[in-house]
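Residue-level listing of the chains:
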Amino acid sequence: MESFEKILNQYEPLIKKTIKRFHYVDVYDELFQIGSIALWEAYERYDSDKGHFPSYARSYITGRILQRLNQSYFVTTEASDQLLDTILGYEVPFLESMIVEEYMKNLSARERLYVKFVLIHQGSQKELAKREGVSYETVRSWRKTALAKLRIKGHAMNNI
């Protein structure tokens, strides 16, 4: 196989294209470095019996860049109790509650219960199952049918 310097020169456009594809040019240098390291790792781990190097390198580079972008997406912050009370105590304004009620008209009582408890009040499916005395799988079935009906209603509302 060729030397890594030649491989890096050959695959530099691929790294640049991958970075541009995700529209993160503000951290371009960091992502280029990550892409170069990923190319090095692909170069070191490549097994010619398992396929072609270009596709292997592309998937390796894309994976590493996405991994880095996902890490930066989840940022932890500390919040005061007052801020948490403000965020978690959010009340749905009158107009929004009317819209929610319009969406929930065609739902069964159990599906409405799921939407209100899990989606609006941010409860967990396990808590709802325990509270209602049903299995977790039953609550998941409520979720599945409720979301399907809400999608249908959403498409209908968007077409009006």
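Before reading on, note that the structure itself is shown above.
These figures come from a predicted structure and were not determined experimentally.

**Re the packing of helix α1 (residues 4-21) against helix α2 (residues 28-45)**
The contact between α1 and α2 brings their axes to 9 Å, and the two run at 135°. Put simply, α1 runs oblique to α2. Along this stretch, α1 crosses α2, giving a crossing that reads as right-handed. Along its contact with α1, which presents Phe4, Ile7, Leu8, Tyr11, Glu12, Ile15, Lys16 and Ile19, the element α2 presents Tyr28, Leu31, Phe32, Gly35, Ser36, Leu39, Trp40 and Tyr43. Here the contact of α1 with α2 is composed, by residue class, of 12 nonpolar, two polar and two charged.

**Notes on α2**
Between its first and last C-alpha, α2 extends 25 Å over 18 residues, near the 26 Å set by a 1.5 Å rise per residue. Taken together, the buried positions of α2 are Leu31, Phe32, Ile34, Gly35, Ser36, Ala38, Leu39, Ala42 and Tyr43.

**Describing the side chain of Thr62**
Position of Thr62 among the secondary structure elements: in helix α3 (residues 53-73). Side-chain polar atoms of Thr62 contact the backbone oxygen of Arg58, separated by 2.9 Å. Beyond its immediate sequence surroundings of up to four residues, Thr62 is in contact with Thr18, Arg21 and Phe22.

**Some remarks on the pattern of salt bridges**
Applying the stated criterion across every chain, the model contains seven salt bridges. With a shortest N-O distance of 3.1 Å, Glu12 and Lys16 are connected by a salt bridge. Of this pair, Glu12 and Lys16 both sit in helix α1, four residues apart, which is roughly one turn of that helix. Glu30 is the partner of Arg68 in a salt bridge, and the nearest nitrogen-oxygen pair spans 2.5 Å. Here Arg68, found in helix α3, pairs with Glu30, found in helix α2; they are 38 residues apart in sequence, far enough to count as distant. Sharing partners across several salt bridges, the network here consists of Arg110, Arg131 and Glu132.

Cut-offs used in this document
Residues numbered from 1 in each chain as written. Predicted model: local features only at pLDDT ≥ 70, side-chain atom pairs only at ≥ 80, totals over all residues. Heavy atoms only, no water. Axes fitted to C-alpha atoms, helices over the stretch in contact; angles between N-to-C directions. Helix = DSSP H or I, 4+ residues; strand = E, 2+ residues; numbered from the N terminus. Parallel < 35°, antiparallel > 145°, perpendicular 65-115°, else oblique. Left-handed = near helix turned anticlockwise from the far one by under 90°. Contact = heavy atoms within 4.5 Å. Nonpolar A, V, L, I, M, F, W, Y, C, P; charged D, E, K, R; others polar. Expected span 1.5 Å × (residues − 1). Buried < 20%, exposed > 50% of the residue type's maximum accessible area, 1.4 Å probe, protein only. Polar contact = N/O pair within 3.5 Å; in protein donor to acceptor, adjacent residues only side chain to side chain. Salt bridge = Lys/Arg side-chain N within 4 Å of Asp/Glu carboxyl O.

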